[in-house]
Amino acid sequence: MKQHLVIFDTTLRDGEQSPGASMTREEKIRVARQLEKMRVDVIEAGFAAASPGDFDAIHAIAHTIKESTVCSLARANENDIRRAGEAIKPAKSGRVHTFIATSPIHMEKKLRMSPDQVVEQAIRAIGWAREYTDDVEFSAEDAGRSELDFLCRIFEQVIKAGATTINVPDTVGYNIPYQYAETIRQLIERVPNSDRVIWSVHCHNDLGLAVSNSLAAVLAGARQVECTINGLGERAGNASLEEVVMAVRTRSDVFPVETRIDTTQIVPASKLVSQITGYPVQPNKAVVGANAFAHEAGIHQDGVLKHRETYEIMRAEDVGWAQNKLVLGKHSGRNAFKARLQQIGIELESDEALNAAFARFKELADRKHEIFDEDLHALVSDEVVTPEHEHYKLIYSHVCSETGEMPHARVILSVGGVERKGEASGGGPVDATFKAIERIAKSGAELLLYSVNAITTGTDAQGEVTTRLAKAGRIVNGNGADTDIVIASARSYLNALNKLHSSLDRVRAQGDV
Ligand code: KIV
Ligand code: ZN
């Protein structure tokens, strides 16, 4: 009989700490819905005390999600924990996850606290958290560089105080699988009442070992893995959910555990997160990379045709690759459109938003013969989801680009409801269009990233553009999709400008207790 391995997804918290990967409230809700559909056990929805925007997003997710536990991170201080407790209140099942650093370097240089003070603070933190929920997780930040005796001491105390999950993060990605596994084994053996809690791991990928360390820890007794879609996360990222889940499933001969993940939702989740954050998935990425199931060498192709398992250890359709099928066309009606959006986890908030999305769908269907799920995600990912945030709106765009001439663009925008015109020349049609928009918007934002991807195959595919802008310490991603990549680019730029314009203050407050 296999034991259950808890999959704790922190894409919306640690993942969002990747530079430029910040998500709006609506985007977070979309990702949370997809995670729920994938049957993730715990969704870490954010860090409630970081900003009012984070609090609000966690609160909304706690309200929406029914099949997964919703969790907020909190430093081990009373204010953070009360914010986290309030944020998860609407959840059917809610968790507070509190942490304090335990390594000598963090305690001395960052916290400026003695080990005794750290233990006392951790015990108090668990007490505050238990006022809100019975489901309390404690993390010893930088456990991977902490002394084993000290970890045993603090874990014994927080278990006594009521922690129900004990997390052992390799915060700086320093550990090596056999050594990390040994730490987990020793902790489970030495900490009194270790059998009353779930042992959890949270590994960073600085040495490319996050998944290996997590799996080694599972073999040593860990029963929760913290991970993210596409391995997103602070610096080099976290252990990637898809790799952990598929390793446990594919090598069920080795692992004494099983997850409840619906693996067919993995690729849709990967695409959604990539699209929203603007972090592309490398083609050779395990499980979710475009080439993960592509066979190039003739010998391999021949082998797969004769017997798939000669070169394939997983089936593409088991992780959701087969979803790339025709779903709607030019003659599909509003109800079919709405039903398909619901099936892929997109709930538009009002009839007005649905009508706007449907109008764009019809426009797209006129230009593109076959409409796939990926097209629908792209269609609703920009302004249609949040019409109330649309300060800048594209009304008209014209670009002239010919051999030997400098491209020239003219745009008409609606700015707060007022029509404004702008024109400019540039190094290319996109450059000219962005300059024309800037002539009107005068945002002064710095362009950090511009990327274009074809959403599906074929020359009539929609180009999906991500534009990352920075201004006054805020970094936002804008998305836009269209079969015309200049228009997709303009939409993406305006989507980013609209996010900068919205007043959500997302300044982060991490660092000390
Ligand atoms: O990496 C880390 O230590 C963390 C903790 C807050 C769990 O993200
Ligand atoms: Zn982390």
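How each quantity is defined
Residues numbered from 1 in each chain as written. Chains lettered and ligands numbered in written order. Predicted model: local features only at pLDDT ≥ 70, side-chain atom pairs only at ≥ 80, totals over all residues. Heavy atoms only, no water. Helix = DSSP H or I, 4+ residues; strand = E, 2+ residues; numbered from the N terminus. Contact = heavy atoms within 4.5 Å. 1 Å grid on protein atoms, 1.4 Å probe; cavity = no way out; pocket = protein on both sides within 12 Å on 5 of 7 lines; lining within 4 Å. Points joined across faces, edges and corners; volume = space filled by probe spheres on them. Axes fitted to C-alpha atoms, helices over the stretch in contact; angles between N-to-C directions. Parallel < 35°, antiparallel > 145°, perpendicular 65-115°, else oblique. Left-handed = near helix turned anticlockwise from the far one by under 90°. Nonpolar A, V, L, I, M, F, W, Y, C, P; charged D, E, K, R; others polar. Pairing = 2+ DSSP bridges. Buried < 20%, exposed > 50% of the residue type's maximum accessible area, 1.4 Å probe, protein only. Donors = N, O, S within 2.8 Å, 3.2 Å for Na, K, Ca; no water. Near = heavy atom within 4 Å. Polar contact = N/O pair within 3.5 Å; in protein donor to acceptor, adjacent residues only side chain to side chain. Areas by Shrake-Rupley, 256 points an atom, 1.4 Å probe, with all protein chains shown as cover.

(A) Layout of the environment of A74. Secondary-structure assignment places A74 in strand β4 (residues 69–75). Considered as a pair, A74 and F47 are 27 residues apart in the sequence and their alpha carbons are 6.2 Å apart. If near-sequence neighbours (up to four positions away) are discounted, A74 is found in contact with F47, D80, I81, A84, H97, T98 and F99.

(B) Region of interest: the layout of surface pockets. As a volume, the largest pocket reaches approximately 780 Å³. The wall of the largest pocket is formed by 36 residues, among which K271, S274, E374, I455 and E464 lie closest to the centre. Breaking the lining of the largest pocket down by element, the ones donating at least two residues are α1 (25–37), α10 (266–277), α12 (334–343), α14 (373–381), β16 (446–454) and β17 (463–471). Counting residues per element, the lining of the largest pocket draws most heavily on α10, at 7 residues.

(C) Representation of the packing of helix α6 (residues 148–161) against helix α7 (residues 177–190) in the model. Where α6 meets α7, the closest approach of the two axes is 10 Å, and the angle between their N-to-C directions is 45°. One element, α6, and the other, α7, form an angle in the oblique class. α6 and α7 meet at a crossing whose hand is right-handed. Between α6 and α7, the residues in contact are L148, D149, L151, C152 and F155 and T183, Q186, L187 and R190, respectively. Residue composition of the contact of α6 with α7, grouped by class: 5 nonpolar, 2 polar and 2 charged.

(D) Geometry of the sheet that holds strand β15 (residues 418–425). In spatial order, the strands read β13-β14-β15; together these 3 strands make up an open sheet with antiparallel pairing. Because the sheet does not close on itself, it has two edges, and the strands there are β13 (392–400) and β15. Each strand of the sheet is rotated relative to its neighbour by a mean of 15°, with strand direction disregarded. Direction of pairing for β13 relative to strand β14 (residues 408–415): antiparallel, over a ladder of 8 bridges. Paired with S397 across the two strands is V411, which belongs to β14. Most of the contacts of helix α15 (residues 429–441) go to β15, to which it runs at about 135°, and overall it touches β13, β14 and β15. Each of β13 and β14 touches helix α16 (residues 485–501); the most contacted strand, β13, lies at about 150° to it.

(E) Spotlight on empty space enclosed by the protein. Counting across every chain of the model gives 1 cavity of 30 Å³ or more. Taken together, R360, E363, L364, R367, L379, Q462, A481, D482 and R491 make up the lining of the largest cavity. Taken together, the elements giving at least two residues each to the lining of the largest cavity come down to α13 (351–367) and β18 (474–482). At 4 residues, α13 tops the list of elements feeding residues into the lining of the largest cavity. A per-class count over the lining of the largest cavity returns 3 nonpolar, 1 polar and 5 charged.

(F) Region of the structure containing unusual backbone geometry. Even without being a glycine, R39 presents a positive backbone phi close to 70°. Relative accessible area serves as the criterion here: at 37%, R39 is assigned to the partly exposed category. For V287, which is not glycine, the phi torsion reads 70° and is therefore positive. Given the relative accessible area of 4%, V287 is considered buried.

(G) Spatial organisation of the coordination of the zinc ion (ligand 2). Looking at the zinc ion (ligand 2), one finds its protein donor set to be D14 (OD), H202 (NE2) and H204 (NE2), positioned 2.0 to 2.1 Å from the metal centre. For the zinc ion (ligand 2), all donor residues lie on one chain, and their spacing in sequence is D-x187-H-x1-H. Residues H202 and H204 agree in their burial class; the two are buried.

(H) Spatial organisation of the site of ligand 1. All residues in the neighbourhood of ligand 1 are listed as R13, D14, H97, F99, S139, E141, N167, P169, T171, H202 and H204. The separation between an oxygen atom of ligand 1 and a polar side-chain atom of T171 is 2.6 Å. At 3.0 Å, a side-chain N or O of H204 approaches an oxygen atom of ligand 1. Computed on the free molecule, ligand 1 has an accessible area of 260 Å², of which 94% lies beneath the protein chains in the complex. Secondary-structure elements contributing two or more residues to the shell around ligand 1 are β5 (94–101), β6 (136–141) and β7 (165–170).

(I) View of the sheet that holds β16. Reading across from one edge, β16-β17-β18 is the order of the 3 strands in this open sheet, with antiparallel pairing throughout. Each edge of the sheet is formed by a strand with only one pairing partner; in this case those strands are β16 and β18. Across the sheet, the mean angle from the axis of one strand to that of its neighbour is 15°, orientation sign disregarded. Note that β17 and β18 share 9 bridges and pair antiparallel. The partner of T467 across the bridge, within β18, is G478.

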